[in-house]
Amino acid sequence: MIGKKRYKGVLRAVVLLLLLLTPIQAVWGQDDPGAPIKNLNFQNADIRKVIAFLSDYGQVNIVTAPEVEGTVTFSLKQVTWREALNILCKTYSLSAVTEQDYIRVLPTKKYLEEVSLLEKHKYEQKQLVELSTAVLKIDNAHADDLEATVKPLLSPRGKVKVDKRTNSVIVRDIPRNIDRIKSLVTKLDRRTRQIKISAKLVEVSTSALQEIGVDWTLTGMKRTASGEEYNYTTKQSLDLVADPAGNFLFSTVQDGWDLAASISALVGDGKGKIIAHPEVTTVDNKQARIQMGQKIPIKQFDASGNIAITFQEVGTLLRVTPHITSENRILMTLEPERSTYEFDPNGIIINTSNAQTTVVVENGQTAVIGGLTTQDVTTSRVGIPILKDIPILQYLFSYSKKKVENRDLIIFVTPTIVDDNLASTADDQGGN
(Lines give C-alpha, C1' and ligand atoms only; values in the text may rest on other atoms or scores of the structure.)
Protein backbone atom coordinates (compact mmCIF):
# COMPACT_ATOMS: atom_id res chain seq x y z
CA MET A 1 0.00 0.00 0.00
CA ILE A 2 2.80 2.36 0.85
CA GLY A 3 4.45 1.65 -2.50
CA LYS A 4 1.23 2.31 -4.39
CA LYS A 5 0.68 5.63 -2.56
CA ARG A 6 4.26 6.66 -3.28
CA TYR A 7 3.81 5.70 -6.95
CA LYS A 8 0.58 7.70 -7.22
CA GLY A 9 2.26 10.74 -5.62
CA VAL A 10 5.14 10.60 -8.06
CA LEU A 11 2.68 10.18 -10.98
CA ARG A 12 0.68 13.22 -9.88
CA ALA A 13 3.85 15.30 -9.65
CA VAL A 14 4.90 14.23 -13.14
CA VAL A 15 1.45 15.06 -14.58
CA LEU A 16 1.43 18.48 -12.86
CA LEU A 17 4.92 19.23 -14.18
CA LEU A 18 3.83 18.25 -17.70
CA LEU A 19 0.81 20.55 -17.46
CA LEU A 20 2.98 23.45 -16.34
CA LEU A 21 5.48 22.84 -19.12
CA THR A 22 2.90 22.20 -21.86
CA PRO A 23 2.81 25.84 -23.17
CA ILE A 24 6.59 26.06 -23.22
CA GLN A 25 6.94 22.68 -24.91
CA ALA A 26 4.36 23.75 -27.47
CA VAL A 27 6.28 26.93 -28.05
CA TRP A 28 9.65 25.23 -28.34
CA GLY A 29 8.14 22.85 -30.80
CA GLN A 30 7.49 25.69 -33.29
CA ASP A 31 9.82 25.96 -36.26
CA ASP A 32 8.68 29.47 -37.32
CA PRO A 33 9.52 32.21 -34.72
CA GLY A 34 6.83 34.42 -36.25
CA ALA A 35 4.06 31.87 -35.77
CA PRO A 36 1.39 32.71 -33.18
CA ILE A 37 1.59 31.06 -29.78
CA LYS A 38 -1.52 28.96 -29.29
CA ASN A 39 -1.62 29.14 -25.52
CA LEU A 40 0.60 31.21 -23.23
CA ASN A 41 -0.09 31.08 -19.49
CA PHE A 42 2.02 32.38 -16.63
CA GLN A 43 1.11 32.42 -12.96
CA ASN A 44 3.35 34.49 -10.66
CA ALA A 45 6.26 33.91 -13.01
CA ASP A 46 9.52 35.83 -12.75
CA ILE A 47 9.28 38.65 -15.30
CA ARG A 48 12.92 38.28 -16.35
CA LYS A 49 12.39 34.57 -17.11
CA VAL A 50 9.25 35.39 -19.13
CA ILE A 51 11.23 37.91 -21.19
CA ALA A 52 14.01 35.35 -21.64
CA PHE A 53 11.43 32.81 -22.86
CA LEU A 54 10.07 35.32 -25.45
CA SER A 55 13.63 36.04 -26.53
CA ASP A 56 14.30 32.32 -27.14
CA TYR A 57 11.05 31.83 -28.99
CA GLY A 58 11.49 34.86 -31.24
CA GLN A 59 15.18 34.13 -31.75
CA VAL A 60 16.05 37.75 -30.97
CA ASN A 61 18.42 39.40 -28.53
CA ILE A 62 16.60 41.05 -25.62
CA VAL A 63 18.53 42.89 -22.92
CA THR A 64 16.63 43.46 -19.69
CA ALA A 65 17.56 46.42 -17.49
CA PRO A 66 18.50 45.65 -13.87
CA GLU A 67 15.54 47.74 -12.67
CA VAL A 68 13.08 45.30 -14.27
CA GLU A 69 12.01 42.82 -11.60
CA GLY A 70 8.93 41.23 -10.06
CA THR A 71 6.39 38.58 -11.04
CA VAL A 72 3.77 38.57 -13.78
CA THR A 73 0.50 36.75 -14.34
CA PHE A 74 -1.33 36.64 -17.68
CA SER A 75 -3.01 34.26 -20.09
CA LEU A 76 -2.81 34.86 -23.87
CA LYS A 77 -3.89 32.87 -26.90
CA GLN A 78 -2.91 33.10 -30.57
CA VAL A 79 -0.39 35.94 -30.16
CA THR A 80 3.08 36.35 -31.60
CA TRP A 81 6.09 36.78 -29.37
CA ARG A 82 6.26 40.51 -30.29
CA GLU A 83 2.61 41.06 -29.40
CA ALA A 84 3.13 39.26 -26.10
CA LEU A 85 6.16 41.44 -25.34
CA ASN A 86 4.23 44.64 -26.14
CA ILE A 87 1.32 43.56 -23.94
CA LEU A 88 3.71 42.70 -21.12
CA CYS A 89 5.49 46.08 -21.35
CA LYS A 90 2.27 48.11 -21.55
CA THR A 91 0.75 46.27 -18.58
CA TYR A 92 3.77 46.60 -16.30
CA SER A 93 4.92 50.15 -17.32
CA LEU A 94 7.89 48.98 -19.35
CA SER A 95 9.27 50.09 -22.72
CA ALA A 96 10.70 47.82 -25.40
CA VAL A 97 13.17 49.95 -27.36
CA THR A 98 14.40 48.49 -30.64
CA GLU A 99 18.07 49.21 -31.20
CA GLN A 100 20.21 48.18 -34.15
CA ASP A 101 20.64 44.47 -33.33
CA TYR A 102 18.71 43.96 -30.12
CA ILE A 103 15.75 45.06 -27.99
CA ARG A 104 16.12 46.85 -24.68
CA VAL A 105 13.44 46.39 -22.00
CA LEU A 106 13.52 49.02 -19.28
CA PRO A 107 11.05 50.99 -17.12
CA THR A 108 9.15 53.61 -19.12
CA LYS A 109 10.09 56.34 -16.65
CA LYS A 110 13.78 55.67 -17.17
CA TYR A 111 13.32 55.57 -20.95
CA LEU A 112 11.67 58.99 -20.93
CA GLU A 113 14.54 60.35 -18.86
CA GLU A 114 16.98 59.01 -21.45
CA VAL A 115 15.05 60.67 -24.29
CA SER A 116 14.99 63.96 -22.40
CA LEU A 117 18.74 63.84 -21.80
CA LEU A 118 19.37 62.98 -25.45
CA GLU A 119 17.27 65.92 -26.68
CA LYS A 120 19.05 68.21 -24.25
CA HIS A 121 22.38 66.99 -25.55
CA LYS A 122 21.32 67.62 -29.18
CA TYR A 123 20.17 71.11 -28.28
CA GLU A 124 23.47 71.87 -26.57
CA GLN A 125 25.34 70.62 -29.62
CA LYS A 126 23.34 72.98 -31.83
CA GLN A 127 24.29 75.85 -29.58
CA LEU A 128 27.93 75.07 -30.24
CA VAL A 129 27.55 75.03 -34.04
CA GLU A 130 28.86 78.17 -35.70
CA LEU A 131 26.15 80.21 -37.42
CA SER A 132 26.21 80.93 -41.15
CA THR A 133 24.64 83.74 -43.16
CA ALA A 134 22.89 83.39 -46.51
CA VAL A 135 21.39 86.06 -48.78
CA LEU A 136 18.46 84.68 -50.74
CA LYS A 137 17.56 86.81 -53.76
CA ILE A 138 13.84 86.80 -54.53
CA ASP A 139 12.98 87.17 -58.23
CA ASN A 140 9.23 86.58 -58.58
CA ALA A 141 7.71 87.62 -55.25
CA HIS A 142 8.01 90.21 -52.50
CA ALA A 143 10.60 89.35 -49.89
CA ASP A 144 8.21 90.59 -47.18
CA ASP A 145 5.72 87.87 -48.14
CA LEU A 146 8.29 85.11 -47.62
CA GLU A 147 9.58 86.37 -44.27
CA ALA A 148 6.61 84.96 -42.34
CA THR A 149 7.06 81.60 -44.11
CA VAL A 150 10.75 81.36 -43.21
CA LYS A 151 10.48 82.23 -39.51
CA PRO A 152 8.97 78.91 -38.30
CA LEU A 153 11.92 77.02 -39.81
CA LEU A 154 14.55 78.90 -37.81
CA SER A 155 16.33 77.47 -34.80
CA PRO A 156 16.17 79.37 -31.49
CA ARG A 157 19.40 81.12 -32.50
CA GLY A 158 18.28 81.88 -36.05
CA LYS A 159 17.25 85.29 -37.39
CA VAL A 160 15.71 86.50 -40.63
CA LYS A 161 15.66 90.01 -42.11
CA VAL A 162 14.33 91.49 -45.35
CA ASP A 163 16.33 93.88 -47.51
CA LYS A 164 13.71 95.80 -49.49
CA ARG A 165 16.27 97.56 -51.69
CA THR A 166 17.46 94.30 -53.27
CA ASN A 167 14.26 92.33 -52.52
CA SER A 168 16.28 89.72 -50.63
CA VAL A 169 15.81 87.61 -47.53
CA ILE A 170 18.84 87.49 -45.22
CA VAL A 171 18.99 84.36 -43.03
CA ARG A 172 21.47 83.72 -40.23
CA ASP A 173 21.23 80.26 -38.69
CA ILE A 174 22.96 76.88 -38.40
CA PRO A 175 23.99 75.45 -41.82
CA ARG A 176 21.46 72.61 -41.78
CA ASN A 177 18.54 75.01 -41.32
CA ILE A 178 19.83 77.34 -44.01
CA ASP A 179 19.82 74.48 -46.51
CA ARG A 180 16.20 73.69 -45.67
CA ILE A 181 15.19 77.34 -46.03
CA LYS A 182 16.97 77.65 -49.37
CA SER A 183 15.08 74.63 -50.68
CA LEU A 184 11.74 76.05 -49.54
CA VAL A 185 12.37 79.53 -50.97
CA THR A 186 13.39 78.02 -54.32
CA LYS A 187 10.06 76.18 -54.52
CA LEU A 188 8.02 79.24 -53.55
CA ASP A 189 9.84 81.82 -55.66
CA ARG A 190 8.23 80.92 -58.95
CA ARG A 191 6.85 83.10 -61.70
CA THR A 192 3.24 83.90 -60.90
CA ARG A 193 0.77 83.89 -63.77
CA GLN A 194 -0.91 87.19 -64.59
CA ILE A 195 -4.45 88.09 -65.54
CA LYS A 196 -5.52 91.19 -67.44
CA ILE A 197 -8.77 92.63 -66.11
CA SER A 198 -10.64 94.65 -68.71
CA ALA A 199 -13.62 96.57 -67.33
CA LYS A 200 -16.13 98.57 -69.32
CA LEU A 201 -18.67 100.84 -67.62
CA VAL A 202 -21.65 101.43 -69.89
CA GLU A 203 -24.85 103.33 -69.23
CA VAL A 204 -27.66 101.91 -71.35
CA SER A 205 -31.43 102.05 -71.57
CA THR A 206 -33.13 99.26 -69.66
CA SER A 207 -34.97 98.12 -72.77
CA ALA A 208 -31.68 97.77 -74.64
CA LEU A 209 -30.09 95.17 -72.37
CA GLN A 210 -31.31 92.24 -74.45
CA GLU A 211 -29.53 93.68 -77.47
CA ILE A 212 -26.14 92.92 -75.90
CA GLY A 213 -27.03 89.42 -74.77
CA VAL A 214 -27.51 90.08 -71.06
CA ASP A 215 -29.98 87.77 -69.35
CA TRP A 216 -30.44 88.12 -65.60
CA THR A 217 -32.18 84.73 -65.38
CA LEU A 218 -29.94 81.72 -64.76
CA THR A 219 -31.16 78.42 -66.20
CA GLY A 220 -29.41 75.10 -65.74
CA MET A 221 -29.63 71.58 -64.43
CA LYS A 222 -29.01 70.21 -60.93
CA ARG A 223 -28.42 66.63 -59.84
CA THR A 224 -29.51 65.32 -56.44
CA ALA A 225 -27.57 62.85 -54.28
CA SER A 226 -29.78 60.03 -55.59
CA GLY A 227 -28.82 60.86 -59.20
CA GLU A 228 -32.09 62.53 -60.15
CA GLU A 229 -31.72 65.50 -62.51
CA TYR A 230 -34.03 68.50 -62.81
CA ASN A 231 -33.98 71.92 -64.44
CA TYR A 232 -33.89 75.08 -62.35
CA THR A 233 -34.26 78.80 -62.96
CA THR A 234 -33.09 81.41 -60.48
CA LYS A 235 -32.73 85.17 -60.40
CA GLN A 236 -29.13 86.23 -59.87
CA SER A 237 -29.22 88.96 -57.27
CA LEU A 238 -27.03 89.79 -54.32
CA ASP A 239 -26.92 92.81 -52.05
CA LEU A 240 -25.34 93.14 -48.60
CA VAL A 241 -26.79 96.53 -47.63
CA ALA A 242 -29.79 96.83 -45.32
CA ASP A 243 -31.19 99.91 -47.08
CA PRO A 244 -29.58 99.85 -50.52
CA ALA A 245 -29.83 102.47 -53.23
CA GLY A 246 -30.19 99.61 -55.73
CA ASN A 247 -29.60 95.90 -56.25
CA PHE A 248 -26.64 94.33 -58.01
CA LEU A 249 -27.31 91.57 -60.52
CA PHE A 250 -24.72 89.19 -61.95
CA SER A 251 -24.65 87.35 -65.25
CA THR A 252 -22.30 86.35 -68.06
CA VAL A 253 -22.28 87.04 -71.76
CA GLN A 254 -22.22 83.60 -73.38
CA ASP A 255 -20.16 82.54 -76.36
CA GLY A 256 -21.41 83.66 -79.76
CA TRP A 257 -22.02 87.30 -78.82
CA ASP A 258 -19.82 90.01 -80.29
CA LEU A 259 -19.88 92.21 -77.21
CA ALA A 260 -17.78 95.05 -78.61
CA ALA A 261 -19.91 95.35 -81.75
CA SER A 262 -23.15 95.26 -79.76
CA ILE A 263 -22.02 98.02 -77.41
CA SER A 264 -20.78 100.12 -80.34
CA ALA A 265 -24.17 99.73 -82.04
CA LEU A 266 -26.00 100.85 -78.89
CA VAL A 267 -23.76 103.88 -78.51
CA GLY A 268 -24.22 104.74 -82.18
CA ASP A 269 -28.00 104.55 -81.83
CA GLY A 270 -27.94 106.80 -78.81
CA LYS A 271 -29.19 104.08 -76.45
CA GLY A 272 -25.98 103.82 -74.48
CA LYS A 273 -22.92 105.72 -73.34
CA ILE A 274 -19.49 104.35 -72.44
CA ILE A 275 -18.48 106.01 -69.18
CA ALA A 276 -15.04 104.42 -68.80
CA HIS A 277 -12.97 101.53 -70.11
CA PRO A 278 -10.11 100.87 -67.64
CA GLU A 279 -7.74 97.89 -67.94
CA VAL A 280 -5.41 96.58 -65.24
CA THR A 281 -3.14 93.56 -64.99
CA THR A 282 -2.68 91.69 -61.73
CA VAL A 283 -1.01 88.49 -60.61
CA ASP A 284 -2.88 85.36 -59.63
CA ASN A 285 -4.76 85.70 -56.32
CA LYS A 286 -4.00 89.42 -55.98
CA GLN A 287 -6.81 91.96 -55.85
CA ALA A 288 -7.21 94.52 -58.64
CA ARG A 289 -9.01 97.78 -57.78
CA ILE A 290 -10.81 100.04 -60.26
CA GLN A 291 -12.35 103.28 -59.01
CA MET A 292 -14.29 105.89 -60.96
CA GLY A 293 -15.63 108.94 -59.16
CA GLN A 294 -14.45 111.81 -57.04
CA LYS A 295 -13.12 112.58 -53.58
CA ILE A 296 -15.39 114.58 -51.29
CA PRO A 297 -13.75 116.74 -48.59
CA ILE A 298 -15.23 116.11 -45.16
CA LYS A 299 -14.46 118.32 -42.16
CA GLN A 300 -13.77 116.61 -38.87
CA PHE A 301 -12.46 117.64 -35.47
CA ASP A 302 -9.38 116.00 -34.01
CA ALA A 303 -8.69 115.33 -30.30
CA SER A 304 -7.44 118.91 -29.83
CA GLY A 305 -10.54 120.46 -31.37
CA ASN A 306 -8.82 121.53 -34.58
CA ILE A 307 -10.53 121.08 -37.94
CA ALA A 308 -9.10 118.28 -40.05
CA ILE A 309 -10.19 117.63 -43.61
CA THR A 310 -10.38 114.09 -44.90
CA PHE A 311 -11.32 112.96 -48.38
CA GLN A 312 -13.94 110.26 -48.96
CA GLU A 313 -14.07 108.46 -52.31
CA VAL A 314 -17.51 108.53 -53.88
CA GLY A 315 -18.52 106.93 -57.15
CA THR A 316 -18.19 103.47 -58.67
CA LEU A 317 -15.63 101.09 -57.18
CA LEU A 318 -14.88 97.58 -58.40
CA ARG A 319 -12.58 95.10 -56.66
CA VAL A 320 -11.65 91.96 -58.56
CA THR A 321 -9.62 89.06 -57.15
CA PRO A 322 -8.91 86.50 -59.91
CA HIS A 323 -7.60 82.96 -59.56
CA ILE A 324 -6.57 80.62 -62.36
CA THR A 325 -7.91 77.11 -61.83
CA SER A 326 -6.22 73.89 -62.91
CA GLU A 327 -8.47 73.83 -66.01
CA ASN A 328 -7.32 77.31 -67.09
CA ARG A 329 -10.65 78.79 -66.12
CA ILE A 330 -10.80 81.94 -64.02
CA LEU A 331 -12.51 82.12 -60.65
CA MET A 332 -13.24 85.75 -59.77
CA THR A 333 -14.39 87.33 -56.53
CA LEU A 334 -16.26 90.48 -57.57
CA GLU A 335 -16.97 93.29 -55.12
CA PRO A 336 -18.81 96.18 -56.83
CA GLU A 337 -19.71 99.32 -54.90
CA ARG A 338 -21.72 102.37 -55.91
CA SER A 339 -21.92 105.43 -53.68
CA THR A 340 -23.52 108.87 -53.95
CA TYR A 341 -23.58 111.85 -51.61
CA GLU A 342 -25.99 114.57 -50.59
CA PHE A 343 -25.74 117.55 -48.31
CA ASP A 344 -27.43 117.65 -44.94
CA PRO A 345 -27.56 120.37 -42.26
CA ASN A 346 -25.41 118.14 -40.07
CA GLY A 347 -22.88 117.32 -42.78
CA ILE A 348 -22.64 115.10 -45.82
CA ILE A 349 -24.62 111.89 -46.19
CA ILE A 350 -22.98 109.16 -48.30
CA ASN A 351 -25.32 106.50 -49.68
CA THR A 352 -23.55 103.23 -50.48
CA SER A 353 -24.67 100.06 -52.20
CA ASN A 354 -22.29 97.12 -52.45
CA ALA A 355 -22.26 93.39 -52.95
CA GLN A 356 -19.91 90.43 -53.22
CA THR A 357 -20.07 87.30 -55.35
CA THR A 358 -17.82 84.62 -56.83
CA VAL A 359 -18.14 83.49 -60.43
CA VAL A 360 -16.22 81.09 -62.66
CA VAL A 361 -15.74 82.08 -66.30
CA GLU A 362 -13.75 80.80 -69.24
CA ASN A 363 -10.58 82.58 -70.28
CA GLY A 364 -11.75 85.71 -72.12
CA GLN A 365 -15.42 85.31 -71.17
CA THR A 366 -17.24 88.37 -69.85
CA ALA A 367 -19.02 88.67 -66.52
CA VAL A 368 -21.71 91.33 -66.26
CA ILE A 369 -22.62 93.33 -63.16
CA GLY A 370 -25.69 95.51 -63.26
CA GLY A 371 -28.94 96.41 -61.59
CA LEU A 372 -28.31 100.01 -60.51
CA THR A 373 -31.08 101.86 -62.27
CA THR A 374 -31.44 105.63 -62.59
CA GLN A 375 -34.31 107.64 -64.04
CA ASP A 376 -33.88 110.41 -66.58
CA VAL A 377 -36.90 112.75 -66.54
CA THR A 378 -37.30 115.01 -69.59
CA THR A 379 -40.02 117.72 -69.74
CA SER A 380 -40.85 119.50 -72.98
CA ARG A 381 -43.55 121.95 -74.13
CA VAL A 382 -45.57 120.88 -77.19
CA GLY A 383 -48.17 123.05 -78.99
CA ILE A 384 -49.07 125.33 -81.90
CA PRO A 385 -46.10 127.35 -83.08
CA ILE A 386 -46.05 131.04 -82.06
CA LEU A 387 -49.25 130.74 -80.02
CA LYS A 388 -47.64 128.32 -77.51
CA ASP A 389 -44.99 130.96 -76.79
CA ILE A 390 -47.44 133.76 -75.86
CA PRO A 391 -47.48 134.04 -72.04
CA ILE A 392 -51.24 133.98 -71.54
CA LEU A 393 -52.37 131.95 -74.55
CA GLN A 394 -49.71 129.22 -74.09
CA TYR A 395 -51.93 127.39 -71.65
CA LEU A 396 -54.67 127.12 -74.28
CA PHE A 397 -52.55 126.17 -77.29
CA SER A 398 -49.85 123.96 -75.70
CA TYR A 399 -49.27 121.22 -73.15
CA SER A 400 -46.32 119.78 -71.19
CA LYS A 401 -44.90 116.42 -72.22
CA LYS A 402 -42.98 114.45 -69.60
CA LYS A 403 -40.76 111.54 -70.59
CA VAL A 404 -39.27 109.13 -68.04
CA GLU A 405 -36.50 106.81 -69.17
CA ASN A 406 -34.83 104.17 -67.01
CA ARG A 407 -31.11 103.73 -67.55
CA ASP A 408 -28.86 101.04 -66.09
CA LEU A 409 -25.18 101.24 -65.23
CA ILE A 410 -23.65 98.00 -66.51
CA ILE A 411 -20.12 96.87 -65.67
CA PHE A 412 -18.55 94.33 -68.04
CA VAL A 413 -15.55 92.48 -66.57
CA THR A 414 -13.44 90.38 -68.94
CA PRO A 415 -10.48 88.48 -67.44
CA THR A 416 -7.79 87.23 -69.82
CA ILE A 417 -4.82 85.07 -68.85
CA VAL A 418 -1.59 86.75 -69.93
CA ASP A 419 0.41 84.32 -72.04
CA ASP A 420 3.77 83.37 -70.51
CA ASN A 421 5.61 83.99 -73.79
CA LEU A 422 4.08 87.46 -74.05
CA ALA A 423 5.01 88.26 -70.47
CA SER A 424 8.58 87.05 -71.02
CA THR A 425 8.90 89.19 -74.16
CA ALA A 426 7.67 92.24 -72.30
CA ASP A 427 10.17 91.61 -69.50
CA ASP A 428 13.02 91.26 -72.01
CA GLN A 429 12.09 94.48 -73.78
CA GLY A 430 11.88 96.29 -70.48
CA GLY A 431 15.27 94.96 -69.48
CA ASN A 432 16.86 96.13 -72.74
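Just so you know, the residues in each chain are numbered from 1, in the order the chain's sequence is written. Two thresholds apply to this predicted model, a pLDDT of at least 70 for residue-level local features and 80 or more for giving and counting side-chain atom pairs, whereas whole-chain, interface and lining totals are computed over all residues. Note that the side-chain values use all heavy atoms of the structure and ignore hydrogens as well as water.

**Student:** Explanation requested: the overall build of the protein chain in the structure shown.
**Tutor:** The secondary structure content of the protein chain amounts to 9 helices and 22 strands. For the exposure calls, accessible area comes from a 1.4 Å probe over protein chains only, and a residue counts as buried if that area is under 20% of its type's maximum, exposed if over 50%, partly exposed in between. When burial is assessed residue by residue, the protein chain has 31% of its 432 residues classed as buried. A 1.4 Å probe and the Shrake-Rupley method give the accessible areas. Residues count as covered only by the protein chains that appear here. Only carbon and sulfur atoms are counted for the fraction: they give 52% of the accessible area of the protein chain, which is about 28,000 Å². Helix and strand assignments follow DSSP, with helices taken as H or I runs no shorter than four residues and strands as E runs no shorter than two, numbered in order from the N terminus.

**Student:** What exactly am I supposed to notice about helix 2 (residues 47-58) here?
**Tutor:** Given a helix with a known number of residues, its expected span is that number minus one, times 1.5 Å. Look at helix 2: 17 Å from first C-alpha to last across 12 residues, which is about the 16 Å you get at 1.5 Å a residue. Every buried residue of helix 2 is accounted for by Ile47, Val50, Ile51, Phe53, Leu54, Ser55, Tyr57 and Gly58. Any N or O atom pair separated by 3.5 Å or less is treated as a polar contact, with the protein-specific requirement of one donor-capable and one acceptor-capable atom, and with residues adjacent in sequence counted only for side-chain atom pairs. Regarding helix 2, its N-cap is Asp46, as a side-chain oxygen of that residue lies 3.1 Å from the backbone nitrogen of Arg48 further along. After helix 2 finishes, the residue Gln59 shows a positive phi value of roughly 55°.

**Student:** Would you explain the packing of aromatic side chains in this entry?
**Tutor:** One pair of aromatic rings is described through two measures. These are the centre distance and the angle between the planes. Pairs were defined over the aromatic rings of Phe, Tyr and Trp, the Trp ring being its six-membered one, requiring ring centres within 6.5 Å. Orientation was assigned from the angle between planes: stacked under 30 degrees, edge-to-face over 60, tilted for the rest. Counted by the stated rule, this structure contains 2 aromatic pairs. Measuring from centroid to centroid gives 5.9 Å for Phe42 and Phe53, while their planes differ by 65°, and the two rings are edge-to-face. Of this pair, Phe42 sits in strand 1 (residues 40-46) while Phe53 sits in helix 2, and the two are 11 residues apart along the sequence. Since its relative accessible area comes to 11%, Phe42 is described here as buried. We classify Phe53 as buried; its relative accessible area is 7%. One aromatic cluster in this structure is built from Phe42, Phe53 and Phe74.

**Student:** Any chance you could explain a nonpolar patch on the surface here in plain terms?
**Tutor:** Here the term patch refers to residues with relative accessible area over 30% and no salt bridge, with like charges joined within 9 Å and nonpolar side chains (Val, Leu, Ile, Met, Phe, Trp, Tyr) within 5 Å. What makes a salt bridge here is a side-chain nitrogen of Lys or Arg within 4 Å of a carboxyl oxygen of Asp or Glu, nothing more. Taken together, the side chains of Phe301, Ile307, Ile309 and Phe311 define a hydrophobic patch exposed on the protein surface, amounting to about 490 Å² of accessible area. The element contributing the most residues to the nonpolar patch is strand 17 (residues 307-324), with 3 residues. Following the sequence through the fold, Ile307 ends up in strand 17. Ile307 gets classed as exposed once you look at its relative accessible area, which sits at 55%.

**Student:** Please clarify how helix 6 (residues 175-188) should be interpreted in this entry.
**Tutor:** Structural remark: α-helix, 3.6 residues per turn; residues separated by three or four positions point the same way. Between its terminal C-alpha atoms helix 6 stretches 20 Å, which fits the 20 Å expected from 14 residues at 1.5 Å a residue. Only heavy atoms enter the contact rule, under which two residues are in contact if any of them lie within 4.5 Å. Next to the buried residues of helix 6 lie strand 6 (132-137), helix 5 (143-150) and strand 8 (168-173).

**Student:** Sorry, what's going on with unusual backbone geometry here?
**Tutor:** With the exception of glycine, most residues fall at negative phi, and the peptide bonds are largely trans. Although it is not a glycine, Gln78 sits at a positive phi angle of roughly 55°. Examined against the element boundaries, Gln78 turns out to sit in the loop between strand 3 (71-76) and helix 3 (81-91). The phi dihedral of Ser93 is positive, around 55°, even though this residue is not glycine. Mapped onto the fold, Ser93 is located in the loop between helix 3 and strand 4 (94-98).

**Student:** Which parts of the structure should I look at to understand the sheet that holds strand 6?
**Tutor:** What links the strands of a sheet is backbone hydrogen bonding, and the strands pair in either a parallel or an antiparallel sense. Only strands joined by at least two bridges in the DSSP assignment are considered to pair. Spatial ordering of the open sheet is given by 6-8-7, a layout of 3 strands whose pairing is antiparallel. Each edge of the sheet is formed by a strand with only one pairing partner; in this case those strands are strand 6 and strand 7 (159-163). Direction aside, the axes of adjacent strands within the sheet are offset by 20° on average. Sheet topology note: the strand 6/strand 8 ladder contains 6 bridges and is antiparallel. Its bridge partner lying in strand 8, Ala134 is registered against Val171. The convention used is that axes are lines fitted to C-alpha atoms, helices contributing only their stretch in contact, and that angles between N-to-C directions extend from 0 to 180 degrees. Against the sheet, helix 6 touches strand 6 and strand 8, its axis set at about 5° to strand 6.

**Student:** Would you explain a positive patch on the surface in this entry?
**Tutor:** Together, Lys122, Lys126, Arg176 and Arg180 make up a positively charged patch on the protein surface. Going through the elements one at a time, helix 4 (108-128) and helix 6 are the ones with two or more residues in the positive patch. Checked against the element boundaries, Lys122 lands in helix 4. Neither His nor the chain termini are counted; the positive set is Lys and Arg, and the negative set is Asp and Glu. Charge placement uses NZ in Lys and CZ in Arg. For Asp and Glu, CG and CD serve respectively.

**Student:** Help me understand the environment of Gln291 in this model?
**Tutor:** Tracing the backbone through its elements, the reader meets Gln291 in strand 16 (residues 288-301). Considered as a pair, Gln291 and Pro336 are 45 residues apart in the sequence and their alpha carbons are 9.8 Å apart. Dropping the residues within four chain positions of it, Gln291 is found in contact with Glu313, Val314, Thr316 and Leu317.

**Student:** Is there a simple way to explain the pattern of salt bridges in this structure?
**Tutor:** Should their charged atoms come close, side chains of opposite charge can pair. Applying the stated criterion across every chain, the model contains 8 salt bridges. Salt-bridge contacts for Arg104 lead to Glu99; the nearest nitrogen and oxygen are separated by 3.2 Å. For the salt bridge of Lys137 with Asp139, the shortest nitrogen-to-oxygen distance reads 3.9 Å. Judged by its relative accessible area of 48%, Lys137 is partly exposed. Members of the salt-bridge network, linked through shared partners, are Glu99, Arg104 and Glu114.

**Student:** Whenever I open this one, the packing of helix 2 against helix 3 confuses me. Can you help?
**Tutor:** Helix-helix packing: each pair is described by the crossing angle between the helix axes and the interaxial distance. Closest axis-to-axis distance for the helix 2/helix 3 pair is 9 Å, and the angle between their directions is 160°. What the angle tells us is that helix 2 and helix 3 run roughly antiparallel. Helix-helix and strand crossings are classified by hand; for helix 2 and helix 3 the assignment is left-handed. Contacts from Ile47, Val50, Ile51, Leu54, Tyr57 and Gly58 in helix 2 reach Trp81, Ala84, Leu85 and Leu88 in helix 3. Side-chain classes are defined by residue name, with Ala, Val, Leu, Ile, Met, Phe, Trp, Tyr, Cys and Pro counting as nonpolar, Asp, Glu, Lys and Arg as charged, and the others, Gly among them, as polar. A per-class count over the contact of helix 2 with helix 3 returns 9 nonpolar, 1 polar and no charged. Just so you know how the angles are binned, under 35 degrees is roughly parallel, over 145 roughly antiparallel, 65 to 115 roughly perpendicular, and the rest oblique. Helix crossings fall into two classes, left-handed where the near helix is turned counterclockwise from the far one by less than a right angle and right-handed where it is turned clockwise.

**Student:** It is not clear to me how the packing of helix 5 against helix 6 should be interpreted in this structure. Could you clarify?
**Tutor:** In the contact formed by helix 5 and helix 6, the axes pass within 11 Å of each other and the chain directions differ by 135°. Between helix 5 and helix 6, the interaxial angle falls into the category oblique. In this structure, helix 5 crosses over helix 6, and the sense of that crossing is right-handed. Judged by residue contacts, Leu146, Thr149 and Val150 of helix 5 engage Ile181, Leu184, Val185 and Leu188 from helix 6. Taken together, the residues of the contact of helix 5 with helix 6 break down into 6 nonpolar, 1 polar and no charged.

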